[in-house]
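A look at the structure
Listed below are the residues making up each chain.
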Amino acid sequence: MAKQATLSTSIDFELKQALSLFCKKSGLKIQSVVENAIREQLEDEIDLASYLARKDEEEVSLEAMLKKLKK
């Protein structure tokens, strides 16, 4: 089992109410929803950084790749 850590933060009251209502209606735990949201945000940031680092690379067509592989 992964080690647990406590995270304490303040959020908008209405956002907290919406989260609580959503979790209650969905049968989810707030902790699970928050962990998944943080994980998704971190993954999105990593994906964006990877994209930005490579977006200007030259594209290689399938034809060119096949031609190169046949040599």
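See the structure shown above.
The structure reproduced in this document is the subject of the present report. (Residues numbered from 1 in each chain as written. Predicted model: local features only at pLDDT ≥ 70, side-chain atom pairs only at ≥ 80, totals over all residues. Heavy atoms only, no water.)

**Re the overall build of the chain**
Quick reminder of the rule: We count a stretch as a helix when DSSP gives it H or I for four or more residues in a row; a strand needs E for two or more, and each element gets its number in order from the N terminus. C-alpha atoms define the radius of gyration in this analysis, and the globule rule sets the expected value at 2.2 Å times the number of residues to the power 0.38. Accessibility here uses a 1.4 Å probe with only protein chains present; expressed as a share of the type maximum, an area under 20% marks a residue as buried, one over 50% as exposed, and anything in between as partly exposed. All accessible-area figures derive from a Shrake-Rupley calculation using a 1.4 Å probe, and residue coverage is judged against the displayed protein chains alone.
In terms of regular secondary structure, the chain is built from three helices and zero strands. Helices (α) and strands (β) of the chain occur, in sequence order from the N terminus, as α-α-α. Here the C-alpha atoms of the chain give a radius of gyration of 22 Å, more than 25% beyond the 11 Å that 2.2 N^0.38 yields for 71 residues. Summarising its shape, the C-alpha atoms of the chain cover approximately 60 × 30 × 25 Å along the three principal directions. Taking all 71 residues of the chain together, the buried fraction comes to 3%. Of the roughly 7300 Å² that the chain leaves accessible, carbon and sulfur atoms contribute 57%.

**Focus on the pattern of salt bridges**
Quick note on the threshold: A pairing counts as a salt bridge when a side-chain nitrogen of Lys or Arg comes within 4 Å of a carboxyl oxygen of Asp or Glu.
Scanning the model with the defined rule gives two salt bridges in all. Arg54 is the partner of Glu57 in a salt bridge, and the nearest nitrogen-oxygen pair spans 3.0 Å. Overall, Glu57 belongs to the partly exposed group, its relative accessible area being 44%. By relative accessible area, which is 54% here, Arg54 ends up exposed. In this structure, Lys55 engages Asp56 in a salt bridge whose closest nitrogen and oxygen atoms are separated by 3.6 Å. Assessed through its relative accessible area of 41%, Lys55 is described here as partly exposed.

**Concerning a negative patch on the surface**
Convention followed: Residues with no salt bridge and a relative accessible area higher than 30% make up the patches, which join like charges within 9 Å and nonpolar side chains (Val, Leu, Ile, Met, Phe, Trp, Tyr) within 5 Å. The convention is simple: Lys and Arg are positive, Asp and Glu are negative, and His and the chain ends are not counted. All charge positions are set by atom: Lys at NZ, Arg at CZ, Asp at CG, Glu at CD.
Together, Glu40, Glu43, Asp44, Glu45 and Asp47 make up a negatively charged patch on the protein surface. Along the chain, Asp47 falls in helix α2 (residues 30-54). Asp47 gets classed as exposed once you look at its relative accessible area, which sits at 51%.

**Structural notes on the environment of Leu52**
Tracing the chain through its elements places Leu52 in helix α2. Relative accessible area serves as the criterion here: at 45%, Leu52 is assigned to the partly exposed category. In this structure the C-alpha to C-alpha distance between Leu52 and Thr9, which are 43 residues apart in sequence, comes to 31 Å.

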